[in-house]
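Residue-level structural notes
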Amino acid sequence: MAFRGRLRLAAAALALTALGGVALPAEPEKAATDKSQADNPQIARPLGVVELFTSQGCSSCPPADEFFAELAGKDNIIALAYHVNYWDYLGWQDTLSTKENTERQYDYMRAFGSRSVYTPQAVINGRSHVNGASRKDVDGALARMDRTGEGMRVAIKVSRTSDRVMIDAGDAGNGPADAHVVIVYFDPPQMVKIGQGENSGRSLTYWNAVSDIQTAGMWHGKAQRYELPMTEIAKKGGCAVLLQSVGKDGMPGPILGAAFIRKPDRL
């Protein structure tokens, strides 16, 4: 199913408001975390976004999951883990997998012109993929994209009041003109004891396991504000916002900006 068709528009649930002409600071501050006071604005232009496709039933995944835990602990990286379900036939049903996570990986496969999917796969900034267990490949891709202008080009500011979250997307200048504002919800870190399959008997801790993805609106290259009710955010373990371009075929494209809206940091 196509990316834009699968990510349901959350206008009713998210009470989104878009306002043009929102000015952002000329120089971004450090990446946002959830440790600041609720009324303090957070501005994020992180090093990059790492989307790990993994499975509790894959014997090659634990090293990638351990490395991913390190990435999830960094404030300058938006790290999201998508548990997939196609290894369930090996004897263990991944407790964190969803059909939507698997479909997102297949959408990336089509976008990259690949012939198959695999785990552990790390998609970097929506632009390329590497072995998710390879520290050298993941760190190298992040550094290379940051150096060549394929990193986070658009600043995202997140601020909060008692009843709402404001997301301010910056101006693209001469860059891309259109993108989706994607809200990615994820679970707090949790330990899972695996009872069957290739990892039987192991107890593994999983960070930032994606539980839901929603498209909250469109961004057209100019500074714009989006509002979400705080009650919706509070229901989830954590969430991030991705400013992601989408191809004419509906497949996911480069991620232009990203920030954490709420980031749990404990078991």
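Use the structure listed above.
To start, this report covers the structure provided alongside it. What you see is a predicted model; the values in this text were computed from it and never measured.

Here we take up helix H4 (residues 99-112). Residues separated by three or four positions in an α-helix point in the same direction, a consequence of the helix having 3.6 residues per turn. Between the first and last C-alpha of H4 there are 20 Å, a value that for 14 residues agrees with the 20 Å anticipated at 1.5 Å per step. Of all the residues in H4, the buried ones are Asn101, Thr102, Glu103, Arg104, Gln105, Asp107, Tyr108 and Met109. Looking one or two places after H4, you find Gly113, whose phi comes out positive at around 75°.

Turning our attention to the sheet that holds strand S5 (residues 121-124). Paired through their backbone hydrogen bonds, the strands of a sheet run either parallel or antiparallel. Taken in spatial order, the four strands line up as S4-S3-S5-S6 in an open sheet, and their pairing is mixed. A strand with exactly one partner marks an edge of an open sheet, and here the two such strands are strand S4 (77-83) and strand S6 (128-131). Each adjacent strand pair in this sheet contributes to an overall mean axis angle of 25°, direction not counted. Two elements, strand S3 (residues 48-54) and S4, share seven bridges in a ladder whose sense is parallel. When the sheet's bridge partners are listed, Glu51 is paired in S4 with Leu80. In this fold helix H3 (residues 61-72) packs onto S3 and S4, with an angle of close to 155° to the strand it touches most, S3. Against the sheet, H4 engages S3, S4, S5 and S6, with an angle of about 115° to S3.

This brings us to the sheet that holds strand S9 (residues 179-186). Spatially, the four strands line up as an open sheet ordered S12-S9-S14-S15, and their pairing is antiparallel. Edge positions in the open sheet fall to strand S12 (210-219) and strand S15 (252-262), since each of these has one partner strand only. Here the strands of the sheet are splayed against their neighbours by 25° on average, with no regard to which way each runs. Where S9 and strand S14 (residues 238-246) come together, seven bridges link them in antiparallel fashion. Within S14, the residue paired with Ile183 across the bridge is Val241. Strands in contact with H4 are S12, S14 and S15; relative to S15, the strand with the most contacts, it is inclined by about 145°.

This part covers unusual backbone geometry. Note: most peptide bonds trans; most residues except glycine with negative phi. The step from Thr119 to Pro120 runs through a cis peptide bond, and the omega angle for that step is -5°. Note on placement: Pro120 falls in the loop between H4 and S5. Its identity is not glycine, yet Asn125 carries a phi of approximately 55°, on the positive side. Take Asn125: it is sitting in the loop between S5 and S6. With a phi angle near 55°, Asn208 is a residue other than glycine that sits in the positive phi range. With respect to the secondary-structure elements, Asn208 resides in the loop between strand S11 (203-206) and S12.

Another point: the packing of aromatic side chains. The full count for this structure, using the stated rule, is seven aromatic pairs. Just above the ring of Tyr185 sits the side chain of Lys236; from NZ or CZ to the centre is 5.0 Å.

Before going further, it helps to spend a moment on the packing of H3 against helix H5 (residues 135-148). When two helices pack together, their arrangement is given by the angle between the helix axes and by the axis-to-axis distance. Here H3 crosses H5 at 35°, and the two axes come no closer than 11 Å. On H5, the residues that touch Phe67, Glu70 and Leu71 of H3 are Arg135, Val138 and Asp139. Tallied by class, residues from the contact of H3 with H5 come to three nonpolar, no polar and three charged.

Another point: the environment of Asn85. Mapped onto the fold, Asn85 is located in the loop between S4 and H4. Separated by 28 residues in sequence, Asn85 and Gly57 have C-alpha atoms that sit 8.8 Å apart. If sequence neighbours within four positions are ignored, Asn85 has contacts with Ser97, Thr98, Lys99 and Thr102.

Here Ser97 shows up in the loop between S4 and H4. A polar side-chain atom of Ser97 sits 3.1 Å from the main-chain carbonyl oxygen of Asp94. Sequence-distant contacts of Ser97, that is, excluding residues within four places in its chain, are made with His83, Val84, Asn85 and Asp88.

Criteria and thresholds
Residues numbered from 1 in each chain as written. Predicted model: local features only at pLDDT ≥ 70, side-chain atom pairs only at ≥ 80, totals over all residues. Heavy atoms only, no water. Helix = DSSP H or I, 4+ residues; strand = E, 2+ residues; numbered from the N terminus. Expected span 1.5 Å × (residues − 1). Buried < 20%, exposed > 50% of the residue type's maximum accessible area, 1.4 Å probe, protein only. Pairing = 2+ DSSP bridges. Axes fitted to C-alpha atoms, helices over the stretch in contact; angles between N-to-C directions. Contact = heavy atoms within 4.5 Å. Phe/Tyr/Trp six-rings, centres within 6.5 Å; stacked < 30°, edge-to-face > 60°. Lys NZ or Arg CZ within 6 Å of the ring centre and 35° of its normal. Nonpolar A, V, L, I, M, F, W, Y, C, P; charged D, E, K, R; others polar. Polar contact = N/O pair within 3.5 Å; in protein donor to acceptor, adjacent residues only side chain to side chain.

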